[in-house]
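# Remarks on the overall topology
Here's the letter readout for the chains.
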Amino acid sequence: MATVAPNHQPLSDRDFLYTHEDFRQIAAVAHREAGITMPDSKEMLVYSRLGKRLRALGMTDFKSYCALVASEAGIEERRKMISALTTNVTRFFREDHHFRLLTAEVRPKLAERLRRGGRARIWSAGCSTGEEAYSIAFSLLTALPEAARFNLKILATDVDPEVLALAKAGRYRREAIQGLPEDMRRSFLDPEAPDGSNTVREAVRQMIDFRQLNLIRPLPMKGPFDVIFCRNVTIYFDPETQDRLWEAFANVMAPGSHLLIGHSERLSPRVAPRFATTGMTSYRLLPPGAAQPSRKG
Ligand SMILES: C[S@@+](CC[C@H](N)C(=O)[O-])C[C@H]1O[C@@H](n2cnc3c(N)ncnc32)[C@H](O)[C@@H]1O
């Protein structure tokens, strides 16, 4: 069968028929399903990321693939498509200034409240394989070893059930835990398994509620959250979707609570007045009525 590359030049037999129209259809499904924006510059990226899906399905052209993901029966493949198009890159204590803020400013107040019988809620939104949520748990447990006995919940959500399953299992390769301080490894991980993997202790895993959640849909939870980590997730979203999400977060956050976002993300001008900046990509929700005048940019 003749094959055509994204630039419509025939390539080798290993390649798949792919047209600009196929790309547009995939981009439309990705936008509808996960808020992902795909400008034309992503045409090659889509081809290379989805090539392995076509191969796994025994398909030779993107037209058949588009028909599958657009069909009702294609629900499972749509999930796999979104998973292939997004990146799950993460690591323990990534962008560590947020964890310094958590430790220095947030933890003492939460610890005091918890010890007095109050509640605390922290959310890792777009948690990927779980390193962010476990870093939160490790940070809290370091000063509050009895944390699991209190009314404390760490929620960790992602749209992709495959990464969530890995997050829940909490098993990491030796290289993934290399940056963790020795005392954290000893306290929070089981001894290394013969295959070189390291599993987060069950008591720590149980502190985290891992759930599938698509952030572009209305949020099912009411909060109020004390801290929301939503880092390196909205980079895929168009500005309107980002805006809606920041607003939805603000509506489930306690006054004075913290929103921490990724290094290349920014709050939109519409929602920024509801927050005060407390550091690099760190924001605190202002109490109602204290919103700042609307900012530009
Ligand atoms: C690059 S990872 C970020 C992980 C972690 N927050 C960090 O900063 O290290 C982005 C994650 O966002 C998830 N994601 C993408 N679109 C999403 C959506 N619409 N709803 C929920 N999660 C989404 C992806 O599945 C992926 O696991």
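Summarised in this report is the structure supplied together with it. (Residues numbered from 1 in each chain as written. Predicted model: local features only at pLDDT ≥ 70, side-chain atom pairs only at ≥ 80, totals over all residues. Heavy atoms only, no water.)

### Quick notes on the overall build of the protein chain
- Within the protein chain, the secondary structure is distributed over 11 helices and 9 strands.
- In summary, the protein chain has a C-alpha radius of gyration of 21 Å against a globular reference of 19 Å for 297 residues, a match within 12%.
- Along the three orthogonal principal directions, the C-alpha set of the protein chain runs to about 70 × 55 × 30 Å.
- The 297 residues of the protein chain split such that 51% are buried.
- In the protein chain, the proportion of contacts linking residues at least 24 apart, taken out of those at least 6 apart, comes to 68%.
- Carbon and sulfur atoms make up 55% of the accessible area of the protein chain, which totals about 14800 Å². (Helix = DSSP H or I, 4+ residues; strand = E, 2+ residues; numbered from the N terminus. Rg over C-alpha atoms; globule rule 2.2 N^0.38 Å. Buried < 20%, exposed > 50% of the residue type's maximum accessible area, 1.4 Å probe, protein only. Contact = heavy atoms within 4.5 Å. Areas by Shrake-Rupley, 256 points an atom, 1.4 Å probe, with all protein chains shown as cover.)

### Overview of the site of the ligand
- In the neighbourhood of the ligand, 21 residues make up the surrounding shell, with T90, R94, G126, D158 and N232 lying closest.
- At 3.4 Å, a backbone N or O of A34 approaches a nitrogen atom of the ligand.
- Surface burial for the ligand is 99%, taken as the share of its 600 Å² of free accessible area covered by protein chains.
- Given that more than half its atoms are within 2 Å of the pocket grid, the ligand belongs to the largest pocket.
- Residue composition of the shell around the ligand, by class: 8 nonpolar, 8 polar and 5 charged. (Near = heavy atom within 4 Å. Polar contact = N/O pair within 3.5 Å; in protein donor to acceptor, adjacent residues only side chain to side chain. 1 Å grid on protein atoms, 1.4 Å probe; cavity = no way out; pocket = protein on both sides within 12 Å on 5 of 7 lines; lining within 4 Å. Sits in = over half its atoms within 2 Å of the grid points. Nonpolar A, V, L, I, M, F, W, Y, C, P; charged D, E, K, R; others polar.)

### Re the packing of helix α5 (residues 97-115) against helix α6 (residues 131-143)
- Closest axis-to-axis distance for the α5/α6 pair is 10 Å, and the angle between their directions is 60°. In this view, α5 runs oblique relative to α6, as classed from their interaxial angle. Every pair of crossing elements has a handedness; the one defined by α5 and α6 is right-handed. Residue-level inspection shows F99, L102, T103, R107 and R115 of α5 in contact with α6, the latter providing E132, S135, I136, S139, L140, T142 and A143.
- Taken together, the residues of the contact of α5 with α6 sort by class into 5 nonpolar, 4 polar and 3 charged. (Axes fitted to C-alpha atoms, helices over the stretch in contact; angles between N-to-C directions. Parallel < 35°, antiparallel > 145°, perpendicular 65-115°, else oblique. Left-handed = near helix turned anticlockwise from the far one by under 90°.)

### Side note on the layout of surface pockets
- As a volume, the largest pocket reaches approximately 390 Å³.
- If you go around the largest pocket, you meet 26 residues; those closest to its centre are G126, D158, N232, V233 and Y236.
- Of the residues in the lining of the largest pocket, the class split is 12 nonpolar, 9 polar and 5 charged.
- Each pocket or cavity is described by its volume, and for the second largest pocket that value is around 290 Å³. (Points joined across faces, edges and corners; volume = space filled by probe spheres on them.)

### A short note on the environment of R174
- Assignment of secondary structure puts R174 in helix α8 (residues 174-177).
- R174 sits in the partly exposed class, given a relative accessible area of 41%.
- Residues R174 and V204 lie 30 residues apart in sequence; the distance between their C-alpha atoms is 19 Å.
- A distance of 2.7 Å separates the side chain of R174 from the side chain of E192, its partner in a polar contact.

### Notes on the pairing of strand β6 (residues 225-230)
- Summarising burial for β6: 6 of the 6 residues are buried, a large majority.
- Where strand β1 (residues 119-125) and β6 come together, 3 bridges link them in parallel fashion. Looking across to β6, one finds that I122 is bridged to V227.
- Taken together, β6, helix α11 (residues 239-251) and strand β7 (residues 253-261) form a β-α-β motif whose crossover is right-handed. (Pairing = 2+ DSSP bridges. Right-handed = clockwise from strand over helix to strand, strands pointing away.)

### A word on α11
- The terminal C-alpha atoms of α11, which comprises 13 residues, lie 18 Å apart, in line with the 18 Å expected from a rise of 1.5 Å per residue.
- All of the buried residues in α11 are T241, Q242, D243, L245, W246, F249 and A250.
- Elements that come into contact with the buried residues of α11 comprise β1, β6, β7, β8 (275-279) and β9 (282-285). (Expected span 1.5 Å × (residues − 1).)

### Let's talk about the pattern of salt bridges
- Taken as a whole and judged by the stated rule, the model has 18 salt bridges.
- A salt bridge links R113 to D226; the shortest N-O distance between them is 2.9 Å. With R113 in helix α5 and D226 in strand β6, this residue pair connects regions lying 113 residues apart in the sequence.
- Owing to a relative accessible area of 29%, R113 belongs among the partly exposed residues under this scheme.
- A relative accessible area of 7% means that D226 is categorised as buried.
- Between E182 and R186 there is a salt bridge, with its nearest N and O atoms 3.8 Å apart. In this pair, E182 and R186 both sit in helix α9 (residues 182-188), 4 residues apart, roughly one turn of the helix.
- Its relative accessible area of 46% is what places E182 among the partly exposed residues. (Salt bridge = Lys/Arg side-chain N within 4 Å of Asp/Glu carboxyl O.)

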